[in-house]
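# Chain and residue survey
The lines below spell out each chain.
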Amino acid sequence: MGNGTWVGLDVHAKSVVAGVICDDTGELRVMRAPHRTEDLVRWVRQFDPPLRVAYEAGPTGFGLARSLEGAGIGCVVAAPSLIARSPAGRNHKNDAHDAEHLARLLRQGELTPVRIPDPADEAARDLVRAREDARADLMRARHRLSKLLLRHGVVYESGRAWTRAHDAWLRRQQFAHPAARAAFDDAYDAVLGAGIRRELLHCEIAQMASDLRWADVVGRLGCLRGVGTLTAFALCVEIGDWHRLTGATIGAYLGLVPSESQSGARHARGPITKAGNSHARRLLVEAAWHHRQPLRTSVAIEARRSGQRPEVRARAEAAGVRLHHRWYHLERRRGVRSTIVATAVARELAGWCWSLAVMD
């Protein structure tokens, strides 16, 4: 392993505990460390080089990793779900134990690193996740409003909800009691505010997606059915470097493969693992539903495909044929439940997305 120092950090917003292993002496020490990034980097540099540092990915972000790498210190940001833990460790968890455990695993080479995005990638991902939060807030606000009306016996029966006609109907509602009117106004304003937030963030994403950094990949992914600019851009920023994956591994990376239990002659498959990025997985499942209907000419898809190379258009068209056939075979011929079919199609769609993303 060579000489040097191995440092495992248990990082929190206002506290850091370090487990330090010196290769020369084999000594393990657990101590408090500064929590400010610049102070923590200076503190780590006091130990004997070469230095290797590890901490778990989490809400503290990647700023510390970038600062350590900038100072010439090797840093591993470990995937929390892939950190090996003993049964005894599950019943004995504290900051000191976690820091010591990270240092030992780092020294043994048993940590699985996550990709460290650069500041531009991280900012784009924050924007996409802000839009996702706005979408979730809008759904919750709409649910509260509809259930408020339902408690008063008011139900919209003239078509689809949350259209212009539905909005005009909402504005016409009257309540006898002032308190009920105030509650309705507050719930309705929450729906309008969440909708405005979502649309503003959508515009910001559309503008950023046209940047040269992402435009090529977003344009190629947009040739697929169900993958618009928003979905394509979100997949790009959530997955990052497509070349580190393959068509065979991207499904497992996004948690779209079945779980497995095998012992001796017994071999059973269960529900999908749901590992990895839940946002990207949800986007792919939503896009998969578009392939349920037979292929037909679409003005929106043709507009997205205009200007793309013939091989990109041909691959996107082949994907549409294959995925619809998959839907038809699983649902109509084998009788598989549609939600399960959507997940299976999403797994294949992930592979098609990868194949288009790496067509540089």
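The structure we're discussing is the one just above.
Our subject in this report is the structure included herewith. (Residues numbered from 1 in each chain as written. Predicted model: local features only at pLDDT ≥ 70, side-chain atom pairs only at ≥ 80, totals over all residues. Heavy atoms only, no water.)

Strand order across the open sheet formed by five strands is 3-2-1-4-5, with mixed pairing between neighbours. Two strands in the sheet have a free side with no partner beyond their single neighbour: strand 3 (28-33) and strand 5 (74-78). Between one strand axis and the next, the sheet turns by 20° as a mean value, whatever way the strands run. Contacting strand 1 (5-11), strand 2 (16-22), strand 3 and strand 4 (51-56), helix 1 (residues 37-44) crosses the sheet at an angle of about 155° to strand 3. Taken strand by strand, helix 4 (residues 95-108) contacts strand 1, strand 2, strand 3, strand 4 and strand 5, and its axis lies near 140° from that of strand 1. (Pairing = 2+ DSSP bridges. Helix = DSSP H or I, 4+ residues; strand = E, 2+ residues; numbered from the N terminus. Axes fitted to C-alpha atoms, helices over the stretch in contact; angles between N-to-C directions. Contact = heavy atoms within 4.5 Å.)

With respect to the helices and strands, the residue Ala194 is situated in helix 7 (residues 178-209). Classification of Ala194 by relative accessible area gives buried; the value is 6%. Excluding anything up to four places from it in sequence, Ala194 contacts Ala134, Asp137 and Leu138. (Buried < 20%, exposed > 50% of the residue type's maximum accessible area, 1.4 Å probe, protein only.)

With that out of the way, let us pick up the pairing of strand 2. Most of strand 2 sits out of view: seven of its seven residues are buried. Across the two faces of strand 2 the burial is the same, with Val16, Ala18, Val20 and Cys22 and Val17, Gly19 and Ile21 all buried. Relative to strand 2, strand 1 runs antiparallel, the two sharing seven bridges. Counterpart to Thr5 in the pairing with strand 2 is Cys22. Counted between consecutive antiparallel strands, the loop separating strand 1 from strand 2 contains four residues. Inspection of the sheet shows strand 2 paired to strand 3 by six bridges, in the antiparallel sense. Each residue of the ladder has a partner; that of Val16, found in strand 3, is Ala33. Counting the residues that bridge the hairpin from strand 2 to strand 3 gives five residues, and of these Gly26 lies at a positive phi of roughly 75°.

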